[in-house]
Amino acid sequence: MIKIKRNVIERIKEFSFNAYPNEFGAMLSCTNEIIDDLIFYPLSNNNENSFSINEWQIPIGISSCGSVHSHPSGSNSPSTADLNFFSKRGKIHIIICYPFENENVILYDKNGTVLEFEIVE
């Protein structure tokens, strides 16, 4: 079971709400198998239909265990573009959909399979 710190979930909800009606996105930092922070890459782009990163702008030495992004539409199912991104960028991916509450959070593996998670302090 994946563990994610409560403050990370709260930040994801806050950033998603503040970006609405656009998508919010970031990468995930993990320490000792716990998602413990968000990583923001320079020159990321977001709009109401997508979140993207400029892979040439990723700082050297920064690694992530996956990604997080919001779906303002109310569906937290991954799109074909999401699944393509998941397969290249880490092993854990979070989608949160509107209205951006804990029950709107789903974690996926790199293949798009739903993962169980636990919020920890």
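One can find the structure itself at the top, above this paragraph.
Cut-off values and rules
By convention here, each chain's residues receive numbers from 1 onward along its written sequence. Side-chain atom pairs in this predicted model are given and counted only at pLDDT of 80 or more, local residue features only at pLDDT of at least 70, and totals for whole chains, interfaces and linings cover all residues. Side-chain measures here rest on the full set of heavy atoms in the structure, leaving out hydrogens and waters. For this text, the term disulfide refers to a pair of cysteine sulfurs within 2.5 Å. Put simply, DSSP H or I for four residues or longer makes a helix, DSSP E for two residues or longer makes a strand, and each gets a number counted from the N terminus. Any two strands with at least two DSSP bridges between them are considered paired. Burial classes follow relative accessibility: with a 1.4 Å probe on protein chains only, a residue under 20% of its type's maximum area counts as buried, one over 50% as exposed, and anything between as partly exposed. Seen with its strands pointing away from the viewer, a crossover is right-handed when the path leading from the first strand over the helix to the second is clockwise. Here, a salt bridge means any Lys or Arg side-chain nitrogen found within 4 Å of an Asp or Glu carboxyl oxygen.

Colleague: What should I look at first to understand the state of the cysteines in this one?
Modeller: Disulfides are covalent bonds that link the sulfur atoms of two cysteine residues. Per the stated rule, a full pass over the model turns up one disulfide. Between the sulfur atoms of Cys30 and its disulfide partner Cys65 the distance amounts to 2.0 Å. The S-S bond linking Cys30 to Cys65 shows a torsion near 60 degrees; that makes this disulfide right-handed. Highlighted residues: Cys30 in strand β2 (residues 25–31) and Cys65 in the loop between β5 (51–52) and β6 (66–71), separated in sequence by 35 residues.

Colleague: How do you make sense of the sheet that holds β6 when you look at a structure like this?
Modeller: Strand pairing in a sheet is mediated by backbone hydrogen bonds. Such pairs are either parallel or antiparallel. Reading across from one edge, β9-β8-β7-β6-β2-β3-β1-β10 is the order of the eight strands in this open sheet, with mixed pairing throughout. On the outer flanks of this sheet lie β9 (114–115) and β10 (117–120), each paired with one strand and no other. Pairing geometry for β2 and β6, over four bridges, is antiparallel. Across the sheet, residue Leu28 finds its bridge partner in β6, namely Gly66.

Colleague: What is the right way to read unusual backbone geometry from this model?
Modeller: Negative phi is the rule for most residues except glycine; trans is the rule for most peptide bonds. Here the bond from Tyr20 into Pro21 is cis, since omega is 15 degrees, no more than 30 degrees from zero. With respect to the secondary-structure elements, Pro21 resides in the loop between α1 (6–19) and β2. At the junction of Tyr98 and Pro99, the peptide bond is cis and its omega measures out at 15 degrees in the coordinates. With respect to the secondary-structure elements, Pro99 resides in the loop between β7 (92–97) and β8 (105–108). Although it is not a glycine, Asn32 sits at a positive phi angle of roughly 50 degrees. Summarising the element assignment, Asn32 is placed in the loop between β2 and β3 (34–39). Look at Asn32 and you get exposed, because its relative accessible area is 70%. Despite not being glycine, Phe100 has its phi angle at roughly 65 degrees, a positive value.

Colleague: For this particular structure, what's the right way to read the pairing of β6?
Modeller: Two faces belong to every sheet, and in a regular strand the side chains alternate between them. Across the six residues that make up β6, a large majority, six, are buried. The side-chain alternation of β6 yields two buried faces, one formed by Gly66, Val68 and Ser70 and the other by Ser67, His69 and His71. By the bridge criterion, six bridges tie β6 to β7 in an arrangement that is parallel. Among the inter-strand pairings, His71 is bridged to a residue of β7, identified as Cys97. You can see the chain leave β6, run along helix α2 (residues 80–86) and come back into β7, and the turn it takes is right-handed.

Colleague: Any chance you could explain the pattern of salt bridges here in plain terms?
Modeller: A side chain with one charge can pair with a side chain of the opposite charge if their charged atoms come near. For the structure shown, the criterion picks out four salt bridges. Residue Asp37 pairs with Arg11 through a salt bridge whose shortest N-O separation is 2.8 Å. Separated by 26 residues along the polypeptide, Asp37 in strand β3 and Arg11 in helix α1 bring together distant segments of the chain. In this structure Asp37 comes out as partly exposed when scored by relative accessible area, which is 31%. A salt bridge links Glu33 to Lys91; its shortest N-O distance comes to 3.9 Å. Of this pair, Glu33 sits in the loop between β2 and β3 while Lys91 sits in the loop between α2 and β7, and the two are 58 residues apart along the sequence.

Purely geometric numbers; function is a separate question.
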